[in-house]
Amino acid sequence: MTASSLDKIRNIGITAHIDAGKTTTTERILYYTGVSHRIGEVHDGNTTTDYMDQERERGITITSAAVTCEWKDHRINIIDTPGHIDFNIEVNRSLRVLDGAVFIIEGVAGVQPQSETNWRLADRYNVPRIIFINKLDRTGADFYRAFDTLKEKLDIVALPLQLPIGIEDQFLGVVDLVEMKAIVWEGGELGAKFHDEEIPADLAEKAKEYRQTLLDTALSVDDAAMEEYFDKGDVSVETLKRCIKAGTISGAFRPVLCGTAFKNKGVQPLLDAVLDYLPSPVDVPGIAVAAEEGQEESDESERRRIKADPDAPFAGLAFKIINDKYGTLTFVRVYAGTLKSGDTVLNTTREGRERVGRMFQMHADKRAEIKEVSAGDIAAFVGLKDTGTGDTLASADDPVVLERMAFPVPVIDISVEPKTKDSVEKMTIGLQKLAGEDPSLRLKTDQESGQTILSGMGELHLEIIIDRLRREYGVEANIGAPQVAYRETISRPHTEIYTHKKQTGGSGQFAEVKIVFEPLERNGGVVFENQVVGGSVPREYIPAVEKGIKVQADTGVLAGFPTVDFKYTLVDGKYHDVDSSALAFEIAAKACFREGMKKASPIILEPIMDVEVTTPQDHVGDVVGDLNRRRGMIQTQDAAGSTIMVRAHVPLKEMFGYISDLRSMTKGRASFTMQFHHYDPVPRNIADEIMSRSA
Amino acid sequence: MQGPRLHWTRGRIEAGEGDTTLTREWVAYDDAGEPIARVVRILGPIHAGWRSYRAVALDDDARLIELRPSPPDGAGWLACVGGQVVGRAALPLQAVRRAEAALKETA
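The rules behind each value
Residues numbered from 1 in each chain as written. Chains lettered and ligands numbered in written order. Predicted model: local features only at pLDDT ≥ 70, side-chain atom pairs only at ≥ 80, totals over all residues. Heavy atoms only, no water. Buried < 20%, exposed > 50% of the residue type's maximum accessible area, 1.4 Å probe, protein only. Helix = DSSP H or I, 4+ residues; strand = E, 2+ residues; numbered from the N terminus. Pairing = 2+ DSSP bridges. Arc of directions from axis to C-beta. Contact = heavy atoms within 4.5 Å. Buried area = accessible area lost by both parts, 1.4 Å probe. Salt bridge = Lys/Arg side-chain N within 4 Å of Asp/Glu carboxyl O. Polar contact = N/O pair within 3.5 Å; in protein donor to acceptor, adjacent residues only side chain to side chain.

Draft legend 1. Spatial organisation of the pairing of strand β36 (residues 643-651) of chain A. Residue and element names in this part refer to chain A. Burial analysis of β36 places eight of its nine residues in the buried class, which makes it a mostly covered element. Where strand β34 (residues 602-616) lies against β36, nine bridges are found, and the strand directions are antiparallel. For I608, the partnering residue across the bridge sits in β36 and is P651.

Draft legend 2. Molecular detail of helix α17 (residues 684-694) of chain A. Residues and elements named next belong to chain A. Every buried residue belonging to α17 is among I686, A687 and I690, and all of these are buried. Angular distribution of buried residues about the axis of α17 spans 105 degrees; they occupy a single face of the element. Set apart from the buried face of α17 by more than 90 degrees, the exposed residues are R684, N685 and S692. Buried residues belonging to α17 abut β34.

Draft legend 3. Molecular detail of unusual backbone geometry. Of note, K135 of chain A is a non-glycine position whose phi angle comes to about 60 degrees, a positive value. Residue placement: K135 of chain A occurs in the loop between β5 (129-134) and α6 (143-154).

Draft legend 4. Region of interest: the interface of chain A and chain B. Residue-level contacts link 15 residues of chain A with 16 residues of chain B. Together chain A and chain B conceal approximately 1400 Å² of surface at their shared face, both sides included; 66% is due to carbon and sulfur atoms. Interface area lost by chain A to chain B is led by D216, D223 and F230 of chain A, which between them contribute 46%. Inspection of the region where chain A meets chain B yields three salt bridges. Between R10 of chain B and E227 of chain A there is a salt bridge, with its nearest N and O atoms 2.9 Å apart. There are three residue pairs in polar contact (both at pLDDT 80 or more) connecting chain A and chain B. Those elements that provide at least two residues to the side of chain A that touches chain B are α7 (201-219) and α8 (223-232) of chain A.

Draft legend 5. Inspection of the pattern of salt bridges at higher detail. Residue and element names in this part refer to chain A. Applying the stated rule across the entire model yields 47 salt bridges over all chains. A salt bridge links D222 to R242; the nearest nitrogen and oxygen atoms lie 2.9 Å apart. On the criterion of sequence distance, the pair formed by D222 in the loop between α7 and α8 and R242 in helix α9 (residues 237-250) is long-range, its members being 20 residues apart. Between D610 and R647 there is a salt bridge, with its nearest N and O atoms 2.9 Å apart. A residue pair is termed long-range when its members are at least 10 positions apart, and D610 in strand β34 and R647 in strand β36 qualify at 37 residues.

So, in structure tokens, the structure goes:
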């Protein structure tokens, strides 16, 4: 691939809140670009990107799927991502490797919680994005209200490039503010036929007003364009598009388009916008290499960037792993260089070597073998033995480690055991493979009961995993009731001295540590500082102290939950020339933690969920009352057409089985979504209950 | 689209990120070539010595002047006619229109 053809590639993601129309939009894109010859529908269970059995049965996207299409002499690699928060890892890893994204916003509800979460993720990875306000054919749809929620909830400069012509069942097309024309879709041929016409008279004044806003905003990023404007009183379409692209890439503003994918209107201009405004691999500054020791993770400006260059040494990031009947497929985004099948690369994250067997371009669950990949490509490799999600593959000529990926912390646990004894090994292998594919899934063995504990992002996430275990690995399993993944922390500082001493006959053991334990803010993690001076604890024993605390912190002092958000500082200690050892210091550190934590006012934390209930107006009282009974804190109540959206923070513990209660309360007319928001201390009475249960 | 009646050109510039430049002001000249209006980028906060200025702008002679009271958030440009501030706006083209409107009123 040459640099000139690299600018004809777009690697984009399509992302949104659940049911906003991501998969529906992707289906239209595949149809209009000629990849598929029919339009699949989510409700019919025959879409291209939802290929898993569970996706088709449930009508939701579970795993991100990669597809490739051609539009106007450009290649667009698209990743369709799930909307449900339980599968947020898929959005996370997709945004990490994409150059741009289309955010789909529902035309009735506007920005919804999952859109907000994904937006923040895209902010983290600096992903340029355009917004598509969808479902304008729906009853209650309102482009301008949905547009206002972009500013209110995302706090962005949203810049309309289109205005709708008509609304709900009268929605006919869009006003293109860049070229100042109307685009109207004709009936039939699944939306493939449309034509340009004059802007309708009733929209002319509004279009003029919005075009001025477009010029004011877009031209402010390009002084040469400003000069053209001052010179001629307007700018050419090319100049305006150049400015919109520059502003989109820098994030100065976010272009907004609109339509209804389901009714086949607005998708072709969206594809044009992807080419015109989202960056090619050569338009972005390149991926940053990982922070070195002592360097701030957030400070990217000081770090080297890998530019998209097919002739540079190879650098790629493994972002997804799937196991199917043919073996393990590792999805790799190639940032630089060229690689042929059979070549060997370094896994610089794990410091190993990997030989790349075959390489494929993926089209959902179908694959086409390719012999070579180069900068800008997304492909799946077969034959990698020890490469996980987030690992860097690089050439020995330039063994870089690329910026790491961050994974969400699971909030819900279930115990799982096979129904028959002879399935134990099969279950272990199956769960290990599933956990290898999904970094938001954790597997552990309960030390006391010996049970296998599966931790995930929600009830649906774990339900799908158990279902996959049955279908793909043939293991029928019994599962326990879902348990909240509580955490423990401390609420005041405490200094503890502990001496571990066994010096009665034989080789003795001696270690003394003095550790200061201090609470940190939420999400502060576990921080260690060594302040020992004068060698009172020899340097070679410091890692043992760290290890002891780390191991012990997994089992908190109150109810055995992992202890988080605290700092421990080793300030002093004592050692014995003969009887001290790494083991003695590890034991001392563990005991010091157990004793010290008890005196540092330990508390139990519980996950608090951000819950959004969409309910008809006449049931809003019941919904709010019920959320209050569940210890919920109502945040907002917003009207959207004839429905009310109630947003509340509710402890996860109180949300198990909520869907059936909500359905019976509202005669099945309300729906809800929830996502993890933060950890909060549990009330005293509930803490006592949790502790007595764990005792 | 109605064209502007004045001859607006780029005024003072400063170095931006990398090889780019950042325009600090746009100056409007009349047909006789006399500068009659300016729109000026608001800068700040700026720390100079022991003092900190929340918002400053360049005056006609390119001296930094402190803006008091500080403009509200989102007001990134000042529209100036004859040394007087006649409006402020988030974007330079909006400020240009303020300046032109002020000139029209005084005409």
